[in-house]
Amino acid sequence: MTAEQTSLTRMELAECLTEAAQSVSSILTTEYPTAVSRSYLHPVLGPLAAGPRVIGELNDQFERLVAAEPSLVTPAGLFTLASYASALGWLTESFTELTSSVEQICSRAGIPMEPGTPVVGGAVCTGPDDEDEFDFAFSVLELAAIRTAAEAAGLTPGDYVEVLSPALLAGSRITDACMEISSGLLDDAAYVLDEASDHVRTDDGPGSLPTLVRSLLARMGSAK
């Protein structure tokens, strides 16, 4: 059987990228029950629960895509593979960073990382004991909510804010990463699907690279 007969069509390649984009975006809508004693972890528990599953599914699909060797001899196949690999690598790196952040947060709070394990002891992080000393501008209602949540978590209000703040930051970072990865995959899927011919550009120009590859190159350049 020839490569031409067994190659994935542009429609099939675009569907692979679109399905990957949908899987990545689903991470952001995943809910995970958060105990009141761990309320400061709420911003990250949903993504933390869904991430490994999605990464595993994408990795399995990537291996199937690589195994479909005939599709990779076409420019569209190579373009799709580059986009998919970039998305998988970026997502894996983002969740490695998220996991590290959550471990640090749990360490600060003096609890084991596994969700659902009871709080052990009190707070180990340092911070102001009086909410009036916060560096944040909280309303009266917000201060009351912080005091209530801190009490349920076995933390002082100051310590509670110190563990909630990095959780909010980590949640924001993984949200941004998932949105950019998903958007890039959809852009690349549209490019593969909408090409007038069965070929996509493979010249050296920046416009010939998948969106995610260009995004990663730009991130590497700005990090130097």
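Residues numbered from 1 in each chain as written. Predicted model: local features only at pLDDT ≥ 70, side-chain atom pairs only at ≥ 80, totals over all residues. Heavy atoms only, no water.

**Comments concerning helix 3 (residues 42–67)**
Put simply, the rule reads: Elements are defined by DSSP. Helices are runs of H or I of four residues or more, strands are runs of E of two residues or more, and each kind is numbered from the N terminus. In a helix, the anticipated span is given by 1.5 Å times the number of residues less one. The quantity called bend is, for any residue, the angle between two axes fitted respectively to the seven residues ending at it and the seven beginning at it.
Helix length check: helix 3 (26 residues) gives 39 Å between terminal C-alpha atoms against 38 Å at 1.5 Å per residue, within 8%. The sharpest bend along helix 3 measures roughly 30° and falls at Gly-51, with the proline Pro-52 sitting one to four residues further on.

**Considerations on the pattern of salt bridges**
Put simply, the test is: Every case where a carboxyl oxygen of Asp or Glu lies within 4 Å of a side-chain nitrogen of Lys or Arg is listed as a salt bridge. Partly exposed residues are those whose accessible area sits between 20% and 50% of the maximum for their type, while under 20% is buried and over 50% is exposed, using a 1.4 Å probe and protein chains only.
Counted according to the given criterion, the structure contains one salt bridge. With its nearest N and O atoms 3.5 Å apart, the salt bridge here joins Arg-53 to Glu-57. Residue Arg-53 and its partner Glu-57 are located together in helix 3, separated by four residues, close to a single helical turn. Judged by its relative accessible area of 42%, Arg-53 falls in the partly exposed class.

**Side note on the packing of aromatic side chains**
Rules: Two rings belonging to Phe, Tyr or Trp (six-membered ring only in the last case) form a pair when the distance between their centres is within 6.5 Å. Interplanar angles under 30 degrees mark stacking, angles over 60 mark edge-to-face geometry, and anything in between is tilted.
For the structure shown, the criterion picks out three aromatic pairs. Aromatic pair Phe-62 and Tyr-84: ring centres 6.0 Å apart, planes at 20°, arrangement stacked. Here Phe-62, found in helix 3, pairs with Tyr-84, found in helix 5 (residues 75–109); they are 22 residues apart in sequence, far enough to count as distant. Considered together, Phe-62 and Tyr-84 belong to a single accessibility category, that of buried residues.

**Examining the side chain of Gln-61**
Convention followed: By definition in these notes, contact holds between two residues if any of their heavy atoms fall within 4.5 Å.
With respect to the helices and strands, Gln-61 occurs in helix 3. The buried category is assigned to Gln-61, whose relative accessible area is 19%. If we skip the residues at most four places from it in the chain, Gln-61 touches Cys-16 and Tyr-84.

**Quick look at the nonpolar core**
Let me state the cut-off plainly: To define a nonpolar core, start from buried Ala, Val, Leu, Ile, Met, Phe, Trp, Tyr and Cys residues and group those joined through side-chain atoms within 4.5 Å.
The biggest cluster of nonpolar side chains holds 52 residues, and the ones touching the most others in it are Tyr-40, Leu-41, Leu-91 and Leu-185. Among the elements of the structure, helix 2 (10–26), helix 3, helix 5, helix 6 (140–153) and helix 7 (157–194) are those that each provide at least two residues to this core. Considering each element in turn, this core owes the most residues, 14 residues, to helix 5. When residues no more than four places from it in sequence are discounted, the contact partners of Leu-185 are Leu-17, Ala-20, Ala-21, Val-24, Ser-83, Ala-87 and Leu-212.

**A look at the side chain of Ser-182**
Position of Ser-182 relative to the elements: it lies in helix 7. With relative accessibility at 9%, the residue Ser-182 sits in the buried group. Contact partners of Ser-182, with chain neighbours within four places excluded, come to Ala-21, Val-24 and Ser-25.

**Some points on the confidence of the model for the protein**
A low pLDDT means the predicted coordinates there should not be read in detail. So the rule is basically this: Note on scores: pLDDT gives the predictor's confidence for each residue, bounded by 0 and 100.
In this model, the protein carries a mean pLDDT of 80, and residues with pLDDT of at least 70 account for 75%. Least confident of the elements in the protein is helix 1 (residues 3–6), whose mean pLDDT is 48; most confident is helix 2, at 95. Note on residues 1–5: pLDDT under 50 across the span, and three contacts to partners over four residues away in sequence or across chains.

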